[in-house]
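# What the coordinates show
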Amino acid sequence: MSTRRQLIVSGLALASTAVLAASPPAGSPRVVALSWEATEHLLELGITPIAAADAGDYRTWYVNPPLPAEVPNVGSRTEPNLELLVRMKPELIIISPLLEDMRDRIERIAPVMSHDSFSQERDNLELQRQGYLTLARRLGREVQAQARLKLMDERIADMRGQLAARFGTALPSVAVIRFSSPTVVFFNGPNSMPQHALDLLGLAPAHRVPPSAWGITQASITALGQVRQGVVLHIEPFTQQDKLFGTPLWQAMPFVKARRFAALPSIWTYGGVFSIERLAGSITQALLRLDMPG
């Protein structure tokens with residue numbers, strides 16, 4: 001066999017192996033997730049998608065719930081690989097509004113369900129909660145979904161109790177940020193998932209920003225100086241921290257001088273409903289570790 005033919009055969013074998021590896025257990029629906037919120041919600045329903053868009057980046061940025069390594073990538077969230085979708089023979093494909101212009105082509109492969117994304121006009125937490133329940137009903141798992149939501153609500157209520165026990169009526173105000181560079185920061189504001197998490201924990205924002213579709217506002221790093229009394233929590237990773245944290249500007253920040261600054265583990269802040277639970281848990285643990293009066 002020629003080298004070229006061997007490479008072709010090997011490539012076909014690898015492609016077939018990837019598809020077979022993604023096959024769900026007997027009785028599980030064959031579902032493809034073309035949005036990360038849908039990927040999260042499927043996993044929280046106990047359903048492993050047979051493929052996911054931007055699967056590698058999901059594992060890097062979204063992290064939890066973990067996407068099994070055997071789940072193959074099926075292109076990007078804006079340009080899915082339709083040829084691979086055909087070969088995988090899904091029973092349902094979940095898309096986001098970004099793919100509505102491709103709906104006709106995708107529907108030729110399998111039934112399509114749209115999962116709403118973030119919106120400035122709607123409550124993003126409620127939007128994701130209802131999206132999860134709608135998906136659960138479609139897949140016959142509504143009872144399981146309701147139980148999972150109830151567990152999440154109970155866990156967040158317990159976190160709120162832990163903070164009340166620690167701080168009493170002197171709960172700190174909190175700003176949740178993500179660094180873009182040593183000079184630029186993103187504040188999470190109204191209708192963002194971090195702000196919804198703060199609301200559920202009974203915590204006020206330490207820095208107010210205007211509403212936006214995704215709940216974030218870009219600002220100069222100097223804007224952080226306006227946080228004079230509250231706590232600032234930044235979401236990792238921030239690979240350029242050495243270029244900022246040692247500067248006189250940073251050391252002069254009120255919250256830095258008062259040791260009211262901490263890091264949160266990598267959490268995707270534009271996620272499905274259960275990103276709220278992960279955000280609330282990380283915020284609670286960070287606040288309980290800070291050396292603050294209370």
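In this report, we go over the structure that sits alongside the text. Just so it is clear, the model here is predicted, and its values are computed rather than measured.

## Some words on helix H6 (residues 124–138)
Across its 15 residues, H6 extends 21 Å between first and last C-alpha, which sits within 8% of the 21 Å expected from 1.5 Å per residue. Among all positions of H6, only Asn 124, Leu 125, Leu 127, Gln 128, Arg 129, Gly 131, Tyr 132, Leu 133, Leu 135 and Ala 136 are buried. Buried residues along H6 sit against helix H2 (36–44), strand S3 (92–95), strand S4 (112–114), helix H7 (142–167), helix H8 (193–200) and helix H11 (275–289). Immediately beyond the C-terminal end of H6, within one or two residues, lies Gly 140, with a positive phi of roughly 70 degrees.

## Comments concerning the sheet that holds S4
Taking strand neighbours across the sheet as the criterion, the four strands line up as S2-S1-S3-S4 in an open arrangement whose pairing is parallel. Edge positions in the sheet fall to strand S2 (51–52) and S4, since each has one partner strand and no second. Contacting S3 and S4, H6 runs over the sheet at an angle of about 160 degrees to S4.

## Things to note about the nonpolar core
Among the nonpolar cores identified, the biggest contains 55 residues, and Ile 283 and Leu 287 are the most heavily contacted of them. When residues of this core are assigned to their parent elements, the largest contribution, seven residues, is made by H7. In this structure, Ile 283 is in contact with Val 176, Pro 194, Ala 197, Leu 198, Leu 201, Leu 203, Leu 233 and Leu 264, ignoring residues within four places of it in sequence. Residues Leu 224, Val 227, Phe 238 and Phe 245 belong to the second largest nonpolar core, which totals 20 residues.

## Thoughts on the pairing of strand S8 (residues 231–235)
The side chains of a regular strand alternate, first on one face of the sheet and then on the other. Taken across its five residues, S8 has five buried, putting it largely inside the fold. Along S8, one buried face is formed by Val 231, Leu 233 and Ile 235 and the opposite face, lined by Val 232 and His 234, is buried too. Of the pairings in the sheet, the one linking S8 to strand S9 (residues 261–264) comprises four bridges and is parallel in character. Looking across to S9, one finds that Val 232 is bridged to Phe 261.

## What about empty space enclosed by the protein?
All chains considered together, the criterion is met by two cavities of 30 Å³ or more. Size it by volume and the largest cavity reaches roughly 40 Å³. Lining the largest cavity, in full, are Arg 178, Phe 186, Asn 188, Ile 216, Ile 235, Thr 269 and Tyr 270. Taken together, the residues of the lining of the largest cavity sort by class into four nonpolar, two polar and one charged. Taken as a whole, the second largest cavity spans an internal volume of roughly 30 Å³. In terms of lining residues, the second largest cavity is bounded by Val 174, Ala 175, Val 176, Phe 187, Asn 188, Gln 195, Leu 198, Pro 205, Ala 206 and His 207.

## What to know about the packing of aromatic side chains
For the coordinates displayed, the defined rule picks out 17 aromatic pairs. Centroid distance Trp 36 to Tyr 58: 6.1 Å. Interplanar angle 80 degrees. Geometry classified as edge-to-face. With a gap of 22 residues between them, Trp 36 in helix H2 and Tyr 58 in helix H3 (residues 55–62) connect regions that are remote in the sequence. Residue Trp 36 shares its accessibility class with Tyr 58, and that shared class is buried. Taking the centre distance of 6.0 Å and the plane angle of 80 degrees together, the rings of Trp 36 and Tyr 62 count as edge-to-face. Note that Trp 36 is positioned in helix H2 and Tyr 62 in helix H3, a separation of 26 residues in sequence. Accessibility classification places Trp 36 together with Tyr 62 in one group, the buried group. Ring pairing ties together the aromatic residues Trp 36, Tyr 58, Trp 61, Tyr 62, Phe 118, Trp 268 and Tyr 270, which thus form one cluster. The cationic tip of Arg 77 hangs over the ring face of Trp 36; the distance from NZ or CZ to the ring centre is 3.6 Å.

The rules behind these values
Throughout, a residue's number is its position along its own chain's written sequence, starting from 1. Local features in this predicted model are restricted to residues of pLDDT 70 or higher, and side-chain atom pairs are both shown and tallied only at a pLDDT of 80 or more, whereas totals for entire chains, interfaces and linings draw on every residue. No hydrogens and no water enter the side-chain calculation; it runs on all heavy atoms of the structure. The helix count covers DSSP runs of H or I at least four residues long, the strand count covers runs of E at least two residues long, and both are numbered beginning at the N terminus. Under the convention used throughout, the expected extent of a helix is 1.5 Å for every residue step, that is, one less than its residue count. Any residue under 20% of the maximum accessible area for its type is buried, any over 50% is exposed, and the rest in between are partly exposed; the area is computed with a 1.4 Å probe on protein chains only. The contact criterion used throughout is that any non-hydrogen atoms of two residues lie within 4.5 Å. For two strands to pair, DSSP has to find at least two bridges joining them. The convention used is that axes are lines fitted to C-alpha atoms, helices contributing only their stretch in contact, and that angles between N-to-C directions extend from 0 to 180 degrees. By nonpolar core we mean a set of buried residues, namely Ala, Val, Leu, Ile, Met, Phe, Trp, Tyr and Cys, connected to one another through side-chain atoms within 4.5 Å. Throughout, the protein atoms alone are placed on a 1 Å grid, and a set of points is a cavity if a 1.4 Å probe fits but cannot get out or a pocket if it is open with protein on both sides within 12 Å along at least five of seven lines; lining residues have an atom within 4 Å of a point. Grid points are joined across faces, edges and corners, and a volume is the space filled by probe spheres set on the points. Under this grouping Gly is polar, as are all residues other than the nonpolar Ala, Val, Leu, Ile, Met, Phe, Trp, Tyr, Cys and Pro and the charged Asp, Glu, Lys and Arg. What counts as a ring pair is set by centres within 6.5 Å for rings of Phe, Tyr and Trp (its six-membered ring), and what kind of pair is set by the plane angle: stacked under 30 degrees, edge-to-face over 60, tilted for all other angles. For a ring to carry a charge above it, either NZ of a lysine or CZ of an arginine must fall within 6 Å of the ring centroid while also lying within 35 degrees of the normal to the ring plane.

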